[in-house]
Amino acid sequence: MVEQGKLALDDKLTKWFPQIPSSEIISLAQILNHSSGIHSFDDEMNDNDFHSWIYQSQSKDFLIQKISSYPLDFIPGTKNVYSNTGYTLLGYIIEKTLNQSFKEALKQMIANPLKLQNTYYAETIDTSLNEVFSYIKKNGWSKWPSVHLSIAGAAGSIISTSSDISLFYNAVFGGKLINQSSLEYLIKTGSGFNKQEDFGGFYGTTGRVDKYFSNVSYFIKDSTSISVCLNGMNYPFGQIFFSMASIYFNEQFVFPDFTPIIPKTDSLKSLIGKFQLRNGTIAKIFIKKDQLYFDMDLNGYQKLPLVSLKNGWLLNDQEGIILTVGKDKNNLITHLTMYQSNQTLRLEKMKD
């Protein structure tokens, strides 16, 4: 739309939504690259009020009122902090500018030209169309309650498949959707994806709504995209992606062995202790009634039982956490590496 002259990156938000705080100094470019300071209302997920309205259809007026009720998180242009709300607003701006629904805009400007037959906008799940609910594993898999996707709008209501997402990424980088100047702008500003140096360099991004997860990356050296979509996860997502890329690029890869074992008592005792993240957060591993537990001073990480695997990993299936043990030349434990979702965290062993 910028290339067509329908929008300009320096347009201010006040043109469409003057009721939003500081809208007169927030540009479309800042919303696009997450430097607007606009508060992401899904940050209130632990608030009871949030859960009272996210499972029903909500009007744009209601959501604009909600967005307008939050002060800015920071002065626009001074930081980069991901905001789903910003992309929800961009969807509304597209609708106002084109005088049509985001659903139709997506179809006409992206899905139809690129022949993406399974990419479209929807606000509820329709299993008759082979759409799936998302699930969480806690003593078996159970269905996760679905947020009404009118809440997410353009930030999270696009249904697609991994193959369509890969086609979309190839189109973006192959000049079939935007020109080279626009692509260079997105790369320079980090709008929509980030660059990593593995596998010869790639641009990628991740996404999440409810317990749906997506990951897509474009590999520079052979103009190939790899995309993964999950509707439930109990294994680190980043590990899945890097494993797939390793196989594709013929790099050394060993399939994980999930065979549980009963370790020797002395082996379990050697794991007991406190470990510290770089930010000062303390985690500890302890034994209770012959069961090994992982406990970290963060919400959701208290007293998680660990299973020892044949390959030496420690696994908590419920939260999808894998811990690997680092040792020095004297075979003494020096640190743990924690893998979960797209995170890799190092925890240093603390002295007793």
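Residues numbered from 1 in each chain as written. Predicted model: local features only at pLDDT ≥ 70, side-chain atom pairs only at ≥ 80, totals over all residues. Heavy atoms only, no water.

A. Summary view of the overall build of the chain. Across its full length, the chain holds nine helices and 16 strands. In terms of overall size, the chain behaves like a compact globule, its C-alpha atoms giving a radius of gyration of 23 Å where 352 residues would be expected to give roughly 20 Å. Counting only C-alpha atoms, the chain reaches 70 × 45 × 45 Å along its principal axes. The 352 residues of the chain split such that 41% are buried. Within the chain, residue pairs in contact and separated by at least 24 positions form 51% of the contacts whose partners lie at least 6 positions apart. For the chain, the exposed surface amounts to about 19,600 Å²; the carbon and sulfur share of it is 50%. In the chain, the 33 positive side-chain charges and the 33 negative ones have mean positions that sit 6 Å from each other. (Helix = DSSP H or I, 4+ residues; strand = E, 2+ residues; numbered from the N terminus. Rg over C-alpha atoms; globule rule 2.2 N^0.38 Å. Buried < 20%, exposed > 50% of the residue type's maximum accessible area, 1.4 Å probe, protein only. Contact = heavy atoms within 4.5 Å. Areas by Shrake-Rupley, 256 points an atom, 1.4 Å probe, with all protein chains shown as cover. Lys, Arg positive; Asp, Glu negative; His and termini not counted. Charge placed at Lys NZ, Arg CZ, Asp CG, Glu CD.)

B. Structural view of the packing of aromatic side chains. Within the structure shown, the criterion is met by 25 aromatic pairs. Ring geometry for Y169 and F173: centres 5.8 Å apart, planes at 50 degrees, overall tilted. Taken together, the residues Y169 and F173, both in helix α6 (residues 162-173) and four residues apart, mark about one turn of the helix. Per residue, the accessibility class of Y169 equals that of F173, and both read buried. Aromatic side chains F241 and F242 sit 5.4 Å apart centroid to centroid with 80 degrees between the ring planes, which places their arrangement in the edge-to-face category. Pairwise contacts between aromatic rings join F199, F202, F219, F241, F242, Y248 and F249 into one cluster. A cation sits over an aromatic face here: K143 above F133, 4.1 Å from the ring centre. Directly above the ring of F286 sits K284, whose terminal nitrogen or CZ lies 5.9 Å from the centroid. (Phe/Tyr/Trp six-rings, centres within 6.5 Å; stacked < 30°, edge-to-face > 60°. Lys NZ or Arg CZ within 6 Å of the ring centre and 35° of its normal.)

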